[in-house]
Amino acid sequence: QLQLVESGGGLVQAGGSLRLSCAASGRSGSRYAMGWFRQAPGKEREFVAHIQWSGTKTYYGNFVKGRFTVSRDNARNIMWLQMNSLKPEDTADYYCAALVGVSDYFSNPDRYDYWGQGTQVTVSS
C-alpha cells in the first residue's frame, strides 16, 4: 500500500500563489507516476497535472496555461504543485494520486491506484 498525504492548501487572494505538497510513504521499491486532480463542489474530478517517475515528463490540464508546475523528489518521496496567478475558479479540493508504472491515460482518475485525502484551496476575488 502507498499512503499519500497532501498539505499546503489554504486561502489566497486572486493573483497569489500556493505550493501544495504530497508526501508518499509505504510500498518502497515500486516506481509510480503521480498526478494532481481537483474537485470543486458539484463538479467532477478534474485533471490538473501528471509527472512520471523520472520527473522528466510532465503534463497539464488545458486550463493550467503555464500557471502551475509539478515536480517531485523521489529521494524524499515528495511531489509538489506550484500554483501561480491563481484565479477564483481554481477554488477546489486538490488531491494527489499515484499509479504504479506508467499509463497513457493519466488524465483519467480511474487509472490511479492510490489517493490522498485532499487539501482545500480557496481563491478569493
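For the structure itself, look to the data block above.
As the structure is a computational prediction, the values presented were derived from the model and not from experiment.

Evaluation of the coordinates by the stated rule reveals one disulfide. Here Cys22 is linked by a disulfide to Cys96, with a sulfur-sulfur distance of 2.1 Å. Between Cys22 and Cys96 the sulfur-sulfur dihedral comes to about 55°; the bridge is accordingly right-handed. Of this pair, Cys22 sits in strand β3 (residues 18-25) while Cys96 sits in strand β9 (residues 92-100), placing them 74 residues apart in sequence. Per residue, the accessibility class of Cys22 equals that of Cys96, and both read buried.

Okay, the nonpolar core next. Within the largest apolar cluster, 29 residues are counted, with the highest numbers of intra-cluster contacts made by Leu4, Trp36, Phe68, Leu81, Met83 and Tyr94. Secondary structure elements with two or more residues in this core: β3, β4 (32-39), β5 (46-51), β7 (68-73), β8 (78-83), β9 and β11 (119-124). Every residue in contact with Phe68, bar those within four places of it in the chain, is listed here: Val48, Tyr60, Phe63, Leu81, Gln82, Met83, Asn84, Leu86, Asp90 and Tyr94. Formed by seven residues, the second largest nonpolar core is a distinct cluster that contains Ala33, Phe47, Ala97 and Phe106.

A few words on unusual backbone geometry. In this structure, Lys65 takes a positive phi of about 50° despite not being glycine. Locating Lys65 in the fold gives a position in the loop between β6 (58-60) and β7. Even without a glycine there, the phi angle at Asn77 is positive, about 55°. By the secondary structure assignment, Asn77 is in the loop between β7 and β8.

It is worth spelling out the pattern of salt bridges at this point. Here the structure, examined in full by the defined rule, presents four salt bridges. For Asp90, the salt bridge goes to Arg38, with nearest N and O atoms at 2.8 Å. A residue pair is termed long-range when its members are at least 10 positions apart, and Asp90 in the loop between β8 and β9 and Arg38 in strand β4 qualify at 52 residues. Across the pair Arg111 and Asp113 runs a salt bridge whose closest N-O atoms are separated by 4.0 Å. A residue is classified by how much of its surface remains accessible, and Arg111, at 27% relative accessible area, is partly exposed.

Criteria and cut-off values
Residues numbered from 1 in each chain as written. Predicted model: local features only at pLDDT ≥ 70, side-chain atom pairs only at ≥ 80, totals over all residues. Heavy atoms only, no water. Disulfide = S-S within 2.5 Å. Helix = DSSP H or I, 4+ residues; strand = E, 2+ residues; numbered from the N terminus. Buried < 20%, exposed > 50% of the residue type's maximum accessible area, 1.4 Å probe, protein only. Core = buried A, V, L, I, M, F, W, Y, C linked by side-chain atoms within 4.5 Å. Contact = heavy atoms within 4.5 Å. Salt bridge = Lys/Arg side-chain N within 4 Å of Asp/Glu carboxyl O.

Such coordinate-based values are descriptive only and should not be taken to indicate function.
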